[in-house]
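# Structure assessment
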Amino acid sequence: MAGSVEASRKILRQLSHHSASSDGSDSAVAEEVDLLSNVYFDELDVAHSESGAIVLKFHITPSTADDKDKQFVSLDLAITLPHKYPNVRPEFCFSQSRGLSDAHLRGIAEGLRYKAAEYEGTPMIYELVEYAKECLTDNNRPCGQCAVCQFEFEETDDFTKTVCYHYFHLSCLERYVEFFWRQEEERRRSQEDMDLMLRKKPKQLECPVCREEIAADAACLEAIQESSDSQTTDALEFEPSRALRAWQAEMAVLLGRQRERGGVIDPTQQDNVIDETWVSTVPVKIESSKPVTETDSPNHASGCKSRPQLHDLQRQRE
């Protein structure tokens, strides 16, 4: 099998480096697609568009000697072959990416366009896919934040990913897994009889981002703990910067001024305060020398019924 793959790779390289190697016929394109399928088999899906053009859908990952646990980024690349390919450059688009920033994606797209122009007139798909794979190998670190602590990933951080390509510091994932199983144990104890009665399946460990089930048994947790124990706890300690301390001092002064002026309301104290000016449990009867009719009401024009004014209620209580 390995010999067949290498032979296919060699043929594809030869085809892409000889300008007169392809006449653009259907048989030549079909031969190229067959060779690509032999090289990428489970990473390639061949489809057709509504116009009948061939669409090659690649799932590209970094070159890590087939060690999937070390593949931290991925890219789904769709390449459409026009009817006059390879004399006409193919079209491509990114349908999904994991762990790659927008800047990385723009760089890969620019490089693919340059490669397509360089190999125009020859079977070029192999060169395009290998270029994208090299880009992912060179940037095989996730961009963004840990989904638990929300801190950016640093060069020296030890991190891992789930099968759904979400990224965590090892120590953060350890705490999440411990918390998840502790909650599950408490739920099981409180609802054990009901679960048995309803025959519910035990809840599986879920990704904290997308809730997809992830595999993490006791052995997995132990491996995570061993890896996180090797890290120093200094990375978990937060040290405020000088700018942050200055901002906190400024906000403290502002909060003091607001309290002095009564601009800060304490909900716990406010619940115990009853303003007797606004609350009355004594029935109030308003006497008037002239009966009040709807036409005399100042609110008649707006269609509202007349209501006693606050100063009348206060005078009546006095």
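What counts, and at which threshold
- Along every chain, residues carry numbers that run from 1 in the direction the sequence is written.
- Residues qualify for local features only when their pLDDT is at least 70, as the model is predicted, and side-chain atom pairs are given and counted only at 80 or more; totals for whole chains, interfaces and linings, by contrast, use all residues.
- The side-chain quantities take in all heavy atoms of the structure and omit both hydrogens and water.
- Only strands joined by at least two bridges in the DSSP assignment are considered to pair.
- Secondary structure elements follow DSSP: runs of H or I no shorter than four residues count as helices, runs of E no shorter than two count as strands, and numbering proceeds from the N terminus.
- Orientation is described by axes fitted as lines to C-alpha atoms, over the contacting stretch for helices, and by angles from 0 to 180 degrees between their N-to-C directions.
- The contact criterion used is simple: two residues touch if any of their non-hydrogen atoms lie within 4.5 Å.
- Relative accessibility thresholds used throughout: buried, under 20% of the residue-type maximum; exposed, over 50%; partly exposed, between the two (1.4 Å probe, protein chains only).

### Some remarks on the sheet that holds strand S3 (residues 74-81)
Spatially, S1-S2-S3-S4 is the arrangement adopted by the 4 strands of the open sheet, whose pairing is antiparallel. Edge strands, defined here as strands with exactly one partner in the open sheet, are strand S1 (44-48) and strand S4 (91-98). The sheet shows a mean angle of 20° between the axes of neighbouring strands, taken without regard to direction. Pairing analysis gives 5 bridges linking S1 to strand S2 (residues 54-60), with the strands arranged antiparallel. Among the inter-strand pairings, Leu 44 is bridged to a residue of S2, identified as Phe 58. Sheet contacts for helix H3 (residues 102-118): S3 and S4; angle to S4, the most-contacted strand, approximately 155°. Helix H4 (residues 125-138) contacts S2 and S3 of the sheet and is inclined by roughly 25° relative to S2.

### Observations regarding the environment of Tyr 126
Structurally, Tyr 126 is set in helix H4. Put simply, Tyr 126 and Val 33 are 93 residues apart on the chain and 9.7 Å apart in space, counted from C-alpha to C-alpha.

### Examining unusual backbone geometry
Here the bond from Tyr 85 into Pro 86 is cis, since omega is 10°, no more than 30 degrees from zero. Even without being glycine, Gln 150 reaches a positive phi, approximately 65°. Mapped onto the elements, Gln 150 comes out in the loop between H4 and strand S5 (159-161). Positive phi values are uncommon outside glycine, yet Tyr 165 reaches one of about 60°. Relative to the helices and strands, Tyr 165 is located in the loop between S5 and strand S6 (167-169). Given the relative accessible area of 14%, Tyr 165 is considered buried.

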